[in-house]
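Fold and contact review
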Amino acid sequence: MVFMDWLAITFYVLLAGFMPLGMLYVYFKGLRKGLIRKDNSTWTITYSEDAICVAKNGVAKSQVQFKNIATAVYAYDDGWTKSTLVENALSLYDRNRRLVAKFPESANGFWDVYRAIEATGVSIERIVVEAPSYLD
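Here goes a summary of the coordinates provided. Note that this is a predicted model, so its numbers are computed, not measured.

Along the backbone of the protein chain there are 2 helices and 9 strands. Ordered by position in the sequence, the α and β elements of the protein chain form the string α-β-β-β-β-β-β-β-β-α-β. For the protein chain, long-range pairs separated by at least 24 residues make up 57% of all intrachain contacts whose partners lie at least 6 apart in sequence. Surface exposure of the protein chain reaches about 8,900 Å², of which carbon and sulfur atoms provide 57%.

Right, let's get into the sheet that holds strand β9 (residues 123-128). Read across the sheet, 4 strands follow the order β8-β7-β5-β9 without closing on themselves; strand pairing throughout is mixed. In this open sheet, the two strands that pair with only one neighbour each are β8 (99-104) and β9. Recorded for the sheet is a direction-independent mean angle of 20° between the axes of neighbouring strands. With 5 bridges joining them, strand β7 (residues 89-93) and β8 adopt antiparallel strand pairing. Within β8, the position partnered with Leu90 by the bridge is Phe103.

One pass over the full model with this rule turns up 3 salt bridges. Residues Arg98 and Asp94 are paired through a salt bridge, measuring 3.1 Å at the closest nitrogen-oxygen approach. The class for Arg98 is exposed, based on a relative accessible area of 53%. Residue classification places Asp94 among the buried residues on the basis of a relative accessible area of 11%. For Arg115, the salt bridge is made with Asp112, and the minimal N-O distance between the two is 3.1 Å. Of this pair, Arg115 and Asp112 both sit in helix α2 (residues 110-119), 3 residues apart, which is roughly one turn of that helix. Arg115 gets classed as partly exposed once you look at its relative accessible area, which sits at 47%.

In terms of nonpolar packing, the biggest core is built from 24 residues, with Ile52, Leu90, Leu92, Phe103 and Ile117 touching the most fellow members. Examining the composition of this core, we find that 5 residues originate from one element, α2, more than from any other. Setting aside anything within four residues of it in sequence, one finds Leu92 in contact with Ile52, Ile69, Thr71, Ala72, Arg98, Leu99, Val100, Ala101, Phe103 and Ile117. Grouped together as the second largest cluster of nonpolar side chains are 7 residues, Leu31, Leu35, Val129 and Ala131 included.

Further remarks concern the side chain of Ser91. Tracing the chain through its elements places Ser91 in strand β7. For Ser91, a relative accessible area of 2% translates into the label buried. Apart from residues lying up to four places away in sequence, Ser91 is in contact with Gly34, Thr71, Ala72, Val73, Leu99, Ala101 and Lys102.

A word on the side chain of Ser62. As for its placement among the helices and strands, Ser62 is situated in strand β4 (residues 59-65). Overall, Ser62 belongs to the buried group, its relative accessible area being 18%. Contact partners of Ser62, with chain neighbours within four places excluded, come to Ile52, Cys53, Val54, Val100 and Ala101.

Let us look at the packing of aromatic side chains. The final tally for this structure, using the stated rule, is 9 aromatic pairs. Ring centres of Tyr74 and Tyr76 lie 5.5 Å apart, and the angle between their planes is 20°; on these two criteria the pair is classed as stacked. Under the relative-accessibility criterion, Tyr76 is labelled buried at 17%. Between Tyr74 and Trp111, the ring centres sit 5.8 Å apart and the planes meet at 65°, which makes this aromatic pair edge-to-face. One end of the pair, Tyr74, is in strand β5 (residues 71-76); the other, Trp111, is in helix α2, and 37 residues separate them in sequence. Taking the relative accessible area as the measure of exposure, Tyr74 reaches 3% and is therefore buried. One Lys or Arg, Arg97, reaches over the ring of Tyr93 and ends 4.3 Å from the middle of that ring. Lying over the aromatic face of Tyr76, Arg126 brings its terminal NZ or CZ to 5.0 Å of the ring centre.

Rules used throughout
- Residues numbered from 1 in each chain as written.
- Predicted model: local features only at pLDDT ≥ 70, side-chain atom pairs only at ≥ 80, totals over all residues.
- Heavy atoms only, no water.
- Helix = DSSP H or I, 4+ residues; strand = E, 2+ residues; numbered from the N terminus.
- Contact = heavy atoms within 4.5 Å.
- Areas by Shrake-Rupley, 256 points an atom, 1.4 Å probe, with all protein chains shown as cover.
- Pairing = 2+ DSSP bridges.
- Axes fitted to C-alpha atoms, helices over the stretch in contact; angles between N-to-C directions.
- Salt bridge = Lys/Arg side-chain N within 4 Å of Asp/Glu carboxyl O.
- Buried < 20%, exposed > 50% of the residue type's maximum accessible area, 1.4 Å probe, protein only.
- Core = buried A, V, L, I, M, F, W, Y, C linked by side-chain atoms within 4.5 Å.
- Phe/Tyr/Trp six-rings, centres within 6.5 Å; stacked < 30°, edge-to-face > 60°.
- Lys NZ or Arg CZ within 6 Å of the ring centre and 35° of its normal.

Here it is in structure tokens:
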């Protein structure tokens, strides 16, 4: 009986050691599926009649014309706890399925640009992604 107790304790210690590795896997899987890393940067997204401009900390990162956007993917975490590692994001792709822009939901002007993309007839695929909240 003592041997079984030590075996159970050893099993739980090993399981606890692998748990952070599992959350690391969930983190990278979330990034690959469309979430974006949280940072302290200030994102701003503006748009005109024909283009979207994405700026991070006041520096323009990309400018995409509406006619070059073939599809968009809105990846979001639908969990009851919010992760401090990653956040919801919108990814824009061209006709060759190449990523042309990606920006977080917390960006200034996000929902205005989201609605403007929808108004152009571009389909926005909504994907629920599991985000890590254990490490938070």
